[in-house]
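Descriptive structure summary
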Amino acid sequence: MGLLRNFFILGLIFILILIGLKLVLPVIAWVFELAFTLILLGVIGCAIVYLYRKLRT
């Protein structure tokens with residue numbers, strides 16, 4: 001439960017940083033959003049490959 005709460009707090013901090021950057025520097029905020037999206041897509045891709053290999057065995 002504590003780990004889940006820490007991830008929630010980190011996510012909330014990240015969202016607040018993005019909101020602040022959108023107000024001040026939209027281009028930097030866009031780069032952060034793009035990096036976050038690419039990392040998230042990579043994690044999802046790795047999870048799909050892992051599950052596919054797990055199901056094949």
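The rules behind these values
Residues numbered from 1 in each chain as written. Predicted model: local features only at pLDDT ≥ 70, side-chain atom pairs only at ≥ 80, totals over all residues. Heavy atoms only, no water. Helix = DSSP H or I, 4+ residues; strand = E, 2+ residues; numbered from the N terminus. Rg over C-alpha atoms; globule rule 2.2 N^0.38 Å. Buried < 20%, exposed > 50% of the residue type's maximum accessible area, 1.4 Å probe, protein only. Areas by Shrake-Rupley, 256 points an atom, 1.4 Å probe, with all protein chains shown as cover. Axes fitted to C-alpha atoms, helices over the stretch in contact; angles between N-to-C directions. Contact = heavy atoms within 4.5 Å.

Details of the overall build of the protein chain
Within the protein chain, the regular secondary structure consists of 2 helices and 0 strands. Scaling as 2.2 N^0.38, a compact globule of 57 residues should have a C-alpha radius of gyration of about 10 Å, whereas the protein chain reaches 16 Å, well beyond that. With the C-alpha coordinates aligned to their principal axes, the bounding extent of the protein chain is approximately 50 × 30 × 5 Å. Expressed as a percentage of its 57 residues, the buried residues of the protein chain come to 5%. As displayed, the protein chain offers around 5400 Å² of accessible surface, 82% of which is attributable to carbon and sulfur atoms.

Looking at the packing of helix H1 (residues 2-24) against helix H2 (residues 26-56)
Between H1 and H2, whose axes approach to 6 Å, the crossing angle comes to 145°. Contact residues: H1 offers Phe-14, Leu-18, Leu-21, Lys-22 and Val-24, while H2 offers Pro-26, Ile-28, Ala-29, Phe-32, Glu-33 and Phe-36.

Distances and angles like these do not, on their own, reveal function.
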